[in-house]
Amino acid sequence: MNEGAESVLGSASTWGAKVDQLFVTMLGITGFVALTVAALIVFFAIRYRPGSNADRSHPPTQVRWVEITWTAAPLVIFLAVFFWSSSLFRQIHAAPVNAMRIHVLARQWMWKLEHDGGRREIDELHVPLGQPVELIMTSQDVIHSFFIPAFRVKQDVLPGRYTSVWFTATRTGRFDLFCAEYCGTDHANMQGDIVVMRPEAFSRWLASGSDQPGLATRGFELYRRAGCSGCHEPTSSVPAPDLTGLFGTPVHLADGSTVIADENYIRDSILLPRKQVVAGFEPVMPSFQGQLDEEDLISLIAYIKSRGTPP
Ligand code: CUA
């Protein structure tokens, strides 16, 4: 990764140069084709206008090699752009394991942001310079889209599931955050700021914040209060899958398939427990739909993560 590669278009994240190169290349190709076609239209319109004395005695016959070329050349170009952009897309959605995680909860019409340590923000997100940051996002109501133009980051935020995106900021300062999906009356006002700070300043800011308990701590309280611990502890009388070391590992299901225990899997297991039953267990878990809100779910997931990940 070319850390700090300054892009001509003034980006502020490590995606900047990569996304801009792709964008400028596509703009160049499409611009070249559009201008060529426009120029030919004008040229032919003038040359073959009524009354001109252009030579019309040899109308063109079929020219096979021209047809093959103008079919094959775009195909090659389109495929090249496809592989280039899909590889970039994959990178933007595969956060490194050491990334700092921030939870994003969208609703009409604000952004609620929550750091693992428990510090919460609204319409403003502080992040450290030069460190990978992963956003785990969901919506409380309709589809929104988290868009930081200076970072070249845009990701839809959907109700009922988690999406994620990650970035590494390369410049300190304040950058625009927009909602980029029409989400109702005040969509245009659903804006915020991303504040990139030097790592020391960021640590001070994070520590100075709140006396709120961290996400995992709140999750643990819920784990006991909502009754999860009644079944999911090794000592409990009802057998339920052990949650220690669960996050990020493959889970074998009763139907013979295997899933990775990520945020979406845990969320579904809490709200739709019969959707993916773990092999060897009875589908006896009740759904917690309607009893837990989005922030509760985020806390519970943080708690389950804190119980260990695979080495
Ligand atoms: Cu949220 Cu548009």
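For the structure, see preceding data.
Residues numbered from 1 in each chain as written. Predicted model: local features only at pLDDT ≥ 70, side-chain atom pairs only at ≥ 80, totals over all residues. Heavy atoms only, no water.

Chemist: Could you clarify how one ought to interpret the overall build of the protein chain in this entry?
Modeler: Looking only at helices and strands, the protein chain features seven helices and twelve strands. For 311 residues, the compact-globule formula gives about 19 Å, and the C-alpha radius of gyration of the protein chain, at 26 Å, lies well above that figure. Expressed along its principal axes, the backbone C-alpha trace of the protein chain runs to roughly 95 × 50 × 40 Å. Among the 311 residues that make up the protein chain, the fraction classed as buried is 38%. Partitioning the contacts of the protein chain with sequence separation of at least 6, the portion at a separation of at least 24 is 65%. Of the accessible surface of the protein chain, which amounts to about 17,500 Å², a share of 61% is contributed by carbon and sulfur atoms. (Helix = DSSP H or I, 4+ residues; strand = E, 2+ residues; numbered from the N terminus. Rg over C-alpha atoms; globule rule 2.2 N^0.38 Å. Buried < 20%, exposed > 50% of the residue type's maximum accessible area, 1.4 Å probe, protein only. Contact = heavy atoms within 4.5 Å. Areas by Shrake-Rupley, 256 points an atom, 1.4 Å probe, with all protein chains shown as cover.)

Chemist: Please clarify how the side chain of Arg119 should be interpreted in this entry.
Modeler: Topologically, Arg119 is positioned in the loop between β2 (110–115) and β3 (120–122). For the buried Arg119, which has no salt bridge, the nearest side chain bearing the opposite charge is Glu121, at an N-O separation of 6.2 Å. A distance of 2.5 Å separates the side chain of Arg119 from the backbone oxygen of Trp205, its partner in a polar contact. (Lys, Arg positive; Asp, Glu negative; His and termini not counted. Salt bridge = Lys/Arg side-chain N within 4 Å of Asp/Glu carboxyl O. Polar contact = N/O pair within 3.5 Å; in protein donor to acceptor, adjacent residues only side chain to side chain.)

Chemist: How do you make sense of the packing of helix α4 (residues 215–225) against helix α7 (residues 294–306) when you look at a structure like this?
Modeler: Packed helix pairs are specified by the crossing angle of their axes together with the interaxial distance, meaning the distance between the axes. Contact pair α4 / α7: the axes reach a minimum separation of 7 Å and the direction vectors enclose 100°. On the basis of their axis angle, the class for α4 and α7 is roughly perpendicular. Of the residues in α7, those touching α4 at Leu215, Ala216, Arg218, Gly219, Phe220, Leu222 and Tyr223 are Asp296, Ile298, Ser299, Leu300, Ala302, Tyr303 and Ser306. For the contact of α4 with α7, a count of residues per class yields nine nonpolar, three polar and two charged. (Axes fitted to C-alpha atoms, helices over the stretch in contact; angles between N-to-C directions. Parallel < 35°, antiparallel > 145°, perpendicular 65-115°, else oblique. Nonpolar A, V, L, I, M, F, W, Y, C, P; charged D, E, K, R; others polar.)

Chemist: How should I be thinking about a nonpolar patch on the surface in this particular structure?
Modeler: A contiguous nonpolar surface patch, about 680 Å² in accessible area, is contributed by Ile29, Phe32, Val33, Val37, Ile41, Ile77 and Phe78. Mapped by element, the contributors of at least two residues to the nonpolar patch are α1 (15–47) and α2 (64–92). Ranked by residue count, the leading element in the nonpolar patch is α1, at five residues. One can find Phe78 in helix α2. (Patch = residues over 30% accessible without salt bridge, like charges linked within 9 Å, V, L, I, M, F, W, Y side chains within 5 Å.)

Chemist: Just to check I follow, could you spell out the sheet that holds strand β7 (residues 153–157) for this structure?
Modeler: Note on sheets: strands pair through backbone hydrogen bonds, and any given pair is parallel or antiparallel. Taking strand neighbours across the sheet as the criterion, the five strands line up as β4-β10-β9-β6-β7 in an open arrangement whose pairing is mixed. Unpaired on one side and paired on the other, β4 (124–128) and β7 mark the two borders of the sheet. Pairs of neighbouring strands in the sheet enclose a mean axial angle of 20°, with direction left out of account. Relative to β7, strand β6 (residues 144–148) runs antiparallel, the two being bridged by five bridges. Opposite His144, over in β7, you have Val157 as the bridge partner. (Pairing = 2+ DSSP bridges.)

Chemist: Can you help me understand the packing of aromatic side chains in this one?
Modeler: Aromatic ring pairs are described here by two measures, namely the spacing of the ring centres and the angle between the planes. All chains considered together, the criterion is met by eleven aromatic pairs. An angle of 75° between the planes, with centres 5.0 Å apart, marks the rings of Trp15 and Trp166 as edge-to-face. Here Trp15 is found in helix α1, whereas its partner Trp166 is found in strand β8 (residues 163–168), with 151 residues between them in sequence. The class of Trp166 is buried, set by a relative accessible area of 7%. With 5.3 Å between their ring centres and 45° between their planes, Phe220 and Tyr303 make a pair best called tilted. Taken as a pair, Phe220 in helix α4 and Tyr303 in helix α7 lie far apart in primary sequence, 83 residues in all. The class of Tyr303 is buried, set by a relative accessible area of 9%. Ring pairing ties together the aromatic residues Phe43, Phe44 and Tyr48, which thus form one cluster. (Phe/Tyr/Trp six-rings, centres within 6.5 Å; stacked < 30°, edge-to-face > 60°.)

Chemist: Teacher, can you tell me more about helix α6 (residues 263–271) here?
Modeler: Every α-helix winds through 3.6 residues per turn, so residues three or four apart in the chain are directed the same way. Within α6, nine of the nine residues are buried, which leaves the element mostly enclosed by the surrounding structure. Those residues of α6 not exposed but buried are Glu263, Asn264, Tyr265, Ile266, Arg267, Asp268, Ser269, Ile270 and Leu271. Residues of α6 that are buried make contact with β1 (100–107), β5 (132–139), β11 (250–252), β12 (258–260) and α7.

Chemist: Would you take a moment to explain the packing of α1 against α2 for this structure?
Modeler: Between α1 and α2, whose axes approach to 11 Å, the crossing angle comes to 160°. Considered as vectors, α1 and α2 are oriented roughly antiparallel to each other. By crossing handedness, the relation of α1 to α2 is classed as left-handed. Across the interface between the two elements, Trp15, Lys18, Val19, Gln21, Leu22, Thr25, Met26 and Ile29 from α1 touch Ile77, Val81, Trp84, Ser85, Leu88, Gln91 and Ile92 from α2. Residue composition of the contact of α1 with α2, grouped by class: ten nonpolar, four polar and one charged. (Left-handed = near helix turned anticlockwise from the far one by under 90°.)

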